[in-house]
Amino acid sequence: MAIRAVLWDIDDTIFDYAAADRAGMRRHLRDEGLGGAFGGTEDALRRWREATALHWARFAAGETSWEEQRRDRVRTFVGTPLGDDEADAWFARYLAHYEAAWELFPDTVPVLDVLAAEYRHAVLSNSSLLNQDRKLRVLGVRDRFEVVLCAADIGVSKPHAAAFHAACDALGLAPGEVAYVGDQPDIDARGAVEAGLLGVWLDRTGLGGRPELTRITDLHQLPALLRGDTRFGAPDTFG
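Read on for an overview of the structure. All values reported here derive from a predicted model rather than from experimental measurement.

Below, the discussion takes up the overall build of the protein chain. Along the backbone of the protein chain there are ten helices and six strands. The C-alpha atoms of the protein chain give a radius of gyration of 18 Å, which matches the 18 Å a tight globule of 239 residues would have. On the principal axes, the C-alpha backbone points of the protein chain span a range of 55 × 35 × 30 Å. Partitioning the intrachain contacts of the protein chain with sequence separation of at least 6 by distance along the chain shows that 61% fall at a separation of at least 24. If you sum the accessible surface of the protein chain, you get close to 10,700 Å²; carbon and sulfur atoms cover 53% of it. On the protein chain, the mean spot of the 27 positive side-chain charges and the mean spot of the 38 negative ones are 2 Å from each other.

Listed below in structure tokens is the structure:
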């Protein structure tokens with residue numbers, strides 16, 4: 001089947017989450033007086049990322065709620081059994097710094113412009129609609145996407161096939177007519193392939209490997225891949 005729509009991940013795919021998270025946490029640690037509390041800022045950032053990964057995995061597995069995973073990230077990070085209100089307030093202060101650093105990747109809008117006339121566009125994110133819809137609006141690209149679906153709202157997360165199929169159903173397309181683009185090789189690209197979509201791994205960091213996956217390192221490579229340019233016909237074309 002010809003590809004008729006592109007389904008997008010958001011964080012670290014079209015939006016530079018890692019840079020915003022890093023900048024936001026640096027400023028938050030400074031304001032909270034915690035810059036030296038964990039052996040330095042870099043160690044604190046590492047601890048924050050580890051807490052995020054731990055409790056995000058619990059959320060993705062359906063073991064906790066969206067709100068509670070945020071609270072638990074804070075509790076794990078500070079090492080204190082904070083109450084819900086205290087944890088929420090701490091996270092809200094961090095969130096203000098994080099949101100102030102929001103930026104799209106430089107290739108996002110140019111590639112969306114190039115693809116706009118040929119393909120429909122939608123979003124599937126392992127987040128919440130409240131969070132991601134607002135993010136897309138603040139970043140000025142919400143109107144680029146027909147549908148925005150998020151795991152917290154549909155009750156299933158990537159890489160489960162049901163998440164990808166929910167997005168295809170929302171578009172009224174068969175999985176074989178949809179490409180999924182994301183930065184995670186397993187959660188995004190492999191999950192999409194196993195659900196019957198064209199899975200595209202956006203490997204911005206140049207990690208490489210995973211020859212079984214179709215891989216690009218920059219969104220500017222996506223239009224030719226979708227149009228069936230033979231230069232992009234093999235998995236892991238970019239080394």
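Following the structure, the description resumes.
Let us now look at the environment of Ile10. Its place among the elements puts Ile10 in the loop between strand S1 (5-8) and helix H1 (17-32). The exposure class of Ile10 is buried, given its relative accessible area of 0%. C-alpha of Ile10 to C-alpha of Val200: the two residues are 190 residues apart in sequence and 14 Å apart in space.

What counts as what
Residues numbered from 1 in each chain as written. Predicted model: local features only at pLDDT ≥ 70, side-chain atom pairs only at ≥ 80, totals over all residues. Heavy atoms only, no water. Helix = DSSP H or I, 4+ residues; strand = E, 2+ residues; numbered from the N terminus. Rg over C-alpha atoms; globule rule 2.2 N^0.38 Å. Contact = heavy atoms within 4.5 Å. Areas by Shrake-Rupley, 256 points an atom, 1.4 Å probe, with all protein chains shown as cover. Lys, Arg positive; Asp, Glu negative; His and termini not counted. Charge placed at Lys NZ, Arg CZ, Asp CG, Glu CD. Buried < 20%, exposed > 50% of the residue type's maximum accessible area, 1.4 Å probe, protein only.

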